[in-house]
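These are the residues of each chain, in order.
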Amino acid sequence: MKKIKLLVLGKSNVGKSSLINYFLQNHISLVSNKIHATRLSTFYEFKLNDNCIQIIDTPGISISDNNLLSQAMKSNAIKHITNCDLVILLSQPQSSYDFESKLLDDILSSNKPYIVCINKIDQDIDKNLYPKIQKKLHITDYSTISLKENLGMDNFISNILAKIENITEVTSYKIKDKNNLNIIQELIRESLINITNEEIPYESAIRIVSYKKQKNIDQIKAEIIVSKDNHKKIIIGKNGSLIKQIGINARMGIENLLNKKIHLSLYVLVRENWKNNPELLKDFGYID
């Protein structure tokens, strides 16, 4: 049995977390149609035929934002290229592939085996995807899928297995103890994203304050960090109604992850310009 470290890279909102959930057959990885949903690299394990796969869900990489948070997210994703066995570069039908071309250069320079995969082919209305991919990325070997419509997945998995078959040396790995805390942090953010709207999800972060394991019910305390007072008021809601719903939804996801009952306490704090505060970003886990 091979133990393979599989890295999924791509810019925001191309379906990386949906792909993770497809492989896991479980809703654990943060899925949202909002840009910059995933912010932390998280690790999951599953079996593919006789192979044990550790798959890495990386933050969506921004091509426009230049704040310290966006730079940290890009660095968080790119650093795994040199420490994996196989890279999936995930994209989608779009007008330009310049960003993917730059990522592909990074992958090629690492000499790691890779697969370019185009998700959302059900959105290729003009049917001009294939010549555009070949011209812009200078490749002829790639996979096309639609996670939403379950199209092309058998061929994609066959492509992955063929790449794994040719891997002779694998990277030793061990999932860090804080990985579950990172997933919990992302699940709370997902609940916040899905229940709030407008700019609040982009201006918020989660910090796990404490996690006490107990016999029957684990105790988790977390802070929701926002940059404005009015965001705090919106998240709390009238008589605390909204933050209560955020907590209920997050608790369900966390209990599914841990397979155990938890008590989740959420607090909202205002920290202006936290996206450019290196100490806070390090505290949130966005900077090593």
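Calculation notes
- Residues numbered from 1 in each chain as written.
- Predicted model: local features only at pLDDT ≥ 70, side-chain atom pairs only at ≥ 80, totals over all residues.
- Heavy atoms only, no water.
- Helix = DSSP H or I, 4+ residues; strand = E, 2+ residues; numbered from the N terminus.
- Buried < 20%, exposed > 50% of the residue type's maximum accessible area, 1.4 Å probe, protein only.
- Contact = heavy atoms within 4.5 Å.
- Areas by Shrake-Rupley, 256 points an atom, 1.4 Å probe, with all protein chains shown as cover.
- Pairing = 2+ DSSP bridges.
- Axes fitted to C-alpha atoms, helices over the stretch in contact; angles between N-to-C directions.
- Core = buried A, V, L, I, M, F, W, Y, C linked by side-chain atoms within 4.5 Å.
- Left-handed = near helix turned anticlockwise from the far one by under 90°.
- Nonpolar A, V, L, I, M, F, W, Y, C, P; charged D, E, K, R; others polar.
- Phe/Tyr/Trp six-rings, centres within 6.5 Å; stacked < 30°, edge-to-face > 60°.

Trainee: I'd like a rundown of the overall build of the protein, residues and numbers included.
Mentor: Counting secondary structure elements, the protein contains 9 helices and 9 strands. Going through the 288 residues of the protein one by one, you find that 52% of them count as buried. Across the protein, every contact between residues at least 6 apart in sequence was considered, and the portion connecting residues at least 24 apart equals 71%. Looking at the protein as shown, the accessible area adds up to about 14500 Å², and 45% of this sits on carbon and sulfur atoms.

Trainee: So what about the sheet that holds strand S4 (residues 86-91)? Which residues, and what values?
Mentor: In space, the 6 strands of this open sheet follow the order S2-S3-S1-S4-S5-S6, with mixed pairing throughout. The outermost strands of the open sheet, each flanked by one partner alone, are strand S2 (42-48) and strand S6 (143-144). Judged from the 7 bridges that link them, S2 and strand S3 (residues 51-57) form a sheet pairing that is antiparallel. By the bridge assignment for S3, Tyr44 is matched with Ile55. Against the sheet, helix H3 (residues 98-110) contacts strand S1 (3-9), S4 and strand S5 (114-118), and its axis sits at roughly 175 degrees relative to S4. Packing of helix H5 (residues 153-165) onto the sheet brings it into contact with S1, S2, S3, S4, S5 and S6, and relative to S5 it is tilted by some 170 degrees.

Trainee: Give a description of the nonpolar core that names residues and reports values.
Mentor: Nonpolar side chains tend toward joint burial in soluble globular proteins. In terms of nonpolar packing, the biggest core is built from 47 residues, with Leu19, Ile55, Phe156, Ile160, Ile188 and Ile254 touching the most fellow members. Beyond its immediate stretch of four places on either side in the chain, Ile160 contacts Phe23, Leu48, Leu86, Ile88 and Ile115. By size, the runner-up hydrophobic cluster in this structure holds 21 residues, among which are Leu9, Phe99, Leu104 and Ile118.

Trainee: Outline the side chain of Ser91, supporting the account with residue identities and numerical values.
Mentor: Of note, Ser91 is situated in strand S4. Relative accessible area serves as the criterion here: at 2%, Ser91 is assigned to the buried category.

Trainee: Tell me about the packing of helix H6 (residues 179-195) against helix H8 (residues 241-258), and please be specific about residues and values.
Mentor: For the pair H6 and H8, interaxial distance at closest approach is 9 Å and the crossing angle is 140 degrees. When the axes of H6 and H8 are compared, the crossing they make is right-handed. Residues Asn180, Ile183, Ile184, Leu187, Ile188, Ser191, Leu192 and Ile195 of H6 form the contact with H8, whose own contacting residues are Leu242, Gln245, Ile246, Asn249, Ala250, Gly253, Ile254, Leu257 and Leu258. Taken together, the residues that form the contact of H6 with H8 break down as 12 nonpolar, 5 polar and no charged.

Trainee: Lay out the sheet that holds strand S7 (residues 204-212) with the relevant residues and their values.
Mentor: The 3 strands lie next to each other as S7-S8-S9, forming an open sheet whose pairing is mixed. Among the strands making up the open sheet, the edge pair consists of S7 and strand S9 (262-270). Averaged over neighbouring strand pairs, the angle between their axes works out to 20 degrees when direction is ignored. Note that strand S8 (residues 218-226) and S9 share 9 bridges and pair parallel. Bridge assignment links Gln219 to a residue of S9, and that residue is His263. Sheet strands touched by helix H7 (residues 229-236): S8 and S9. Its angle to S9, the strand with the most contacts, is close to 155 degrees. Docked against the sheet, H8 engages S7, S8 and S9, running at close to 135 degrees with respect to S9.

Trainee: Tell me about the packing of aromatic side chains, residues and numbers included.
Mentor: Under the definition given, this model contains 3 aromatic pairs. Ring geometry for Phe23 against Phe46: centres 5.0 Å apart, planes inclined by 10 degrees, an arrangement best described as stacked. Here Phe46 lies in strand S2 and Phe23 lies in helix H1 (residues 16-24), a separation of 23 residues in the sequence. Both residues of the pair, Phe23 and Phe46, count as buried. Between Tyr130 and Tyr142 the ring centres are 6.4 Å apart and the planes differ by 25 degrees, which places this aromatic pair in the stacked class. One end of the pair, Tyr130, is in helix H4 (residues 129-137); the other, Tyr142, is in the loop between H4 and S6, and 12 residues separate them in sequence. The structure contains a cluster of three or more aromatic residues connected by ring pairs, namely Tyr22, Phe23 and Phe46.

Trainee: Residue-level account of H1, with values.
Mentor: Taken across its 9 residues, H1 has 7 buried, putting it largely inside the fold. Those residues of H1 that fall on the buried side of the exposure criterion are Lys16, Ser17, Leu19, Ile20, Asn21, Phe23 and Leu24. Of the surrounding secondary structure, the elements contacted by the buried residues of H1 are S1, S2, S3, S4 and H5. Positive phi shows up at Gln25, right after H1, with a value of about 55 degrees.

The quantities given are spatial measurements derived from coordinates; they are silent on function.
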